[in-house]
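Summary of the model geometry
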Amino acid sequence: MANTGPQDDQLAQSDSVGAGKHNRHHYGSCTAPDAQHPGGHQQLPNRAQSPSNSNTFNELCPYTETDPLLPNVHMPGSKVNEVMEKDPEDCSAQDGVREMPSESVRSMVLQILVPFLLAGLGTVSAGMLLDIVQHWEVFQRVTEIFILVPALLGLKGNLEMTLASRLSTAVNVGEMETAREKWSLIIGNLALKQMQATVLGLLAALAAVFLGWVLEGYMLLNHAALLCSASVTTAFLASLLQGIIMVGVIIGSKRIGINPDNVATPIAASFGDLITLAILACLSQGLYECIELYPYVSYLVCLFFLGLTPLWVVVSSRNPASRILLYTGWEPIITAMVISSIGGLILDTTVSDPNMVGMIVYTPVMNGIGGNLAAIQSSRIATDLYHHCPPRQVPEDRRSCYNPCRTFCGSGANHRSSQVLLLLVVPGHLIFLYTIHLMKGSTSPTPVFITFFLAVALLQVFTLLCIADWMIPCLWRMGKDPDSYSIPYLTALADLLGTALLVLAFFMLWLVGEQVPTGD
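Residues numbered from 1 in each chain as written. Predicted model: local features only at pLDDT ≥ 70, side-chain atom pairs only at ≥ 80, totals over all residues. Heavy atoms only, no water.

Side note on the overall build of the chain
Helix and strand counts for the chain come out as 20 helices and 0 strands. Every one of the 520 residues in the chain was classed for burial, and the buried ones make up 56%. Long-range pairs, those at least 24 residues apart, make up 85% of the contacts in the chain with a sequence separation of at least 6. In the form shown here, the chain has an accessible surface area of approximately 21200 Å², with 64% of it arising from carbon and sulfur atoms. (Helix = DSSP H or I, 4+ residues; strand = E, 2+ residues; numbered from the N terminus. Buried < 20%, exposed > 50% of the residue type's maximum accessible area, 1.4 Å probe, protein only. Contact = heavy atoms within 4.5 Å. Areas by Shrake-Rupley, 256 points an atom, 1.4 Å probe, with all protein chains shown as cover.)

See below:
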């Protein structure tokens, strides 16, 4: 969208300063000889002078986790070359030109609301589908699939939402201005995501096999192969489909002038749960029907997708930003998968409990909504830090001991967004509960059920927003990329907290003798 007049000049100046600052600070101590300003600030060599110069500099100065997603910000033709860089002395952002373009509360709510409702309807549909497929033969005979469900649904937080956050930050700091910049970044990250999805799918299956063996005391080899094949294939296909959707959303948001931080992460989750669960259910049932006559099919399918892994490694290693994540990006996503698997273990042990009848319908809604809201806040805070602060330095108000009041009390952009996100919990869940009632044809939820459900939902989102406000500056101070680290942790914690709190709510409902609404 085009701006005119003085406002256009101010926004252009602000964007260029943010991009220049982001480019300079993220190289840490890697400087060319005699590249110091008199004031002590480091000045980068012009990395766009020639491809050979850029490659030489890359070899001498390896990238770090907090480098820009597209290290060659100053590529020929990039708009950031048109404006000279300035040297901020700190990250306090007191100078007006350092501020990002202002965003009104009304604009923020309108941009967040539609993707939030779409994401909620997607999780409602996933819950309805899970309620149906839980009675399929494969889910009855191979119950370890329930352990897989949160881990595979959590991949949208590990991969899709993380990709959305990284690309949103790239857009906001001016790193996707030219076609070369854009497609270099997109192709490298998509290849990286496919490789990570394949590995995580296998690890999630192995975790499910181990936990199932611990619970049951045994595990059939054919069932283990089925879990591995279904998990790897589901992770690969769902990640590919959602990755393509994400790229379209980010590019579309950039073109129409919408802040992708507000829309990308919830849209990443809109139908992610439904797509993933549908693929998992159909593949598992199909592979289960082949066990008796063609037991080798599960092994061949799994080996095929694992065999593609070297291809994704080669493609992703050609982009400097995705290359560094090949080595440093595993800690958060593997840890998040383990946390989600614990939530899956809770789900597996309660799905057959008569006192928890109906809980499985609400689990994807509770987990998905909490993770979506936390991911939005995480993406916004990360963009703010990238725009204003050099690595390992945080604003003054983030250096003191954490206080939950700091998350919600204040007039800053991040304070306003946390207030808006928390206020969306009650009306959003009321809409989703009513939608479940209409789709399931159940009795109307009672006031007691609604009260317990909303109470645990508010507690979950409140806790996640506080964790995000504390975690992201800590990651930044440690030199970790918050776009790659925070969202996997937050969405995994949303799965674990949501499942545990929902079990607690249903247990309290059972204690007071309240009837949970179920289908006719």
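That shown, we press on.
Structural notes on the side chain of glutamine 285
Mapped onto the elements, glutamine 285 comes out in helix H10 (residues 272-290). Given a relative accessible area of 14%, glutamine 285 falls into the buried group. From its side chain, glutamine 285 meets the backbone nitrogen of valine 138 in a polar contact 3.4 Å long. If we skip the residues at most four places from it in the chain, glutamine 285 touches Trp136, Glu137 and Val138. (Polar contact = N/O pair within 3.5 Å; in protein donor to acceptor, adjacent residues only side chain to side chain.)

Re helix H17 (residues 413-423)
The set of residues buried in H17 consists of Asn414, His415, Ser417, Ser418, Val420 and Leu421. Against the buried residues of H17 lie helix H3 (105-133), helix H15 (359-388), helix H16 (404-408), helix H18 (425-440) and helix H19 (447-477).

Let's talk about the environment of serine 231
With respect to the secondary-structure elements, serine 231 resides in helix H8 (residues 221-256). Residues serine 231 and leucine 202, 29 residues apart in the sequence, show an inter-C-alpha distance of 6.5 Å. When neighbours within four sequence positions are excluded, serine 231 is seen to be in contact with Leu148, Leu152, Gly201, Ala204 and Ala205.

Digging into the packing of aromatic side chains
Taken as a whole and judged by the stated rule, the model has 13 aromatic pairs. Considering the side-chain rings of tyrosine 362 and phenylalanine 506, the 6.3 Å spacing of their centres and the 45 degrees angle between planes classify their relative orientation as tilted. With tyrosine 362 in helix H15 and phenylalanine 506 in helix H20 (residues 482-511), the pair connects residues that are 144 residues apart, well separated along the chain. Each member of the pair, tyrosine 362 as well as phenylalanine 506, carries the same accessibility label: buried. A connected cluster of aromatic rings, assembled from ring pairs, spans Phe236, Phe304, Phe305 and Trp312. (Phe/Tyr/Trp six-rings, centres within 6.5 Å; stacked < 30°, edge-to-face > 60°.)

A few points about the nonpolar core
The biggest cluster of nonpolar side chains holds 88 residues, and the ones touching the most others in it are Ile145, Tyr362, Phe449, Phe453 and Phe506. Here the element with the most residues in this core is helix H7 (residues 179-216); it accounts for 10 residues. For phenylalanine 506, the residues in contact, after removing those within four places along its chain, are Asn355, Met356, Val357, Gly358, Met359, Tyr362, Phe449 and Val516. (Core = buried A, V, L, I, M, F, W, Y, C linked by side-chain atoms within 4.5 Å.)

Remarks on the packing of H17 against H19
Between H17 and H19, whose axes approach to 10 Å, the crossing angle comes to 165 degrees. It follows that H17 is roughly antiparallel to H19 by the angle criterion. The two elements H17 and H19 cross, and the hand of that crossing is right-handed. Counting all contacts with H17, which are made through Ser418, Leu421 and Leu422, the residues of H19 involved are Leu458, Val461, Phe462 and Leu465. Per-class residue counts for the contact of H17 with H19 are 6 nonpolar, 1 polar and no charged. (Axes fitted to C-alpha atoms, helices over the stretch in contact; angles between N-to-C directions. Parallel < 35°, antiparallel > 145°, perpendicular 65-115°, else oblique. Left-handed = near helix turned anticlockwise from the far one by under 90°. Nonpolar A, V, L, I, M, F, W, Y, C, P; charged D, E, K, R; others polar.)

Remarks on the environment of methionine 108
Inspection of the secondary structure puts methionine 108 in helix H3. Classification of methionine 108 by relative accessible area gives buried; the value is 0%. Considered as a pair, methionine 108 and asparagine 259 are 151 residues apart in the sequence and their alpha carbons are 8.7 Å apart.

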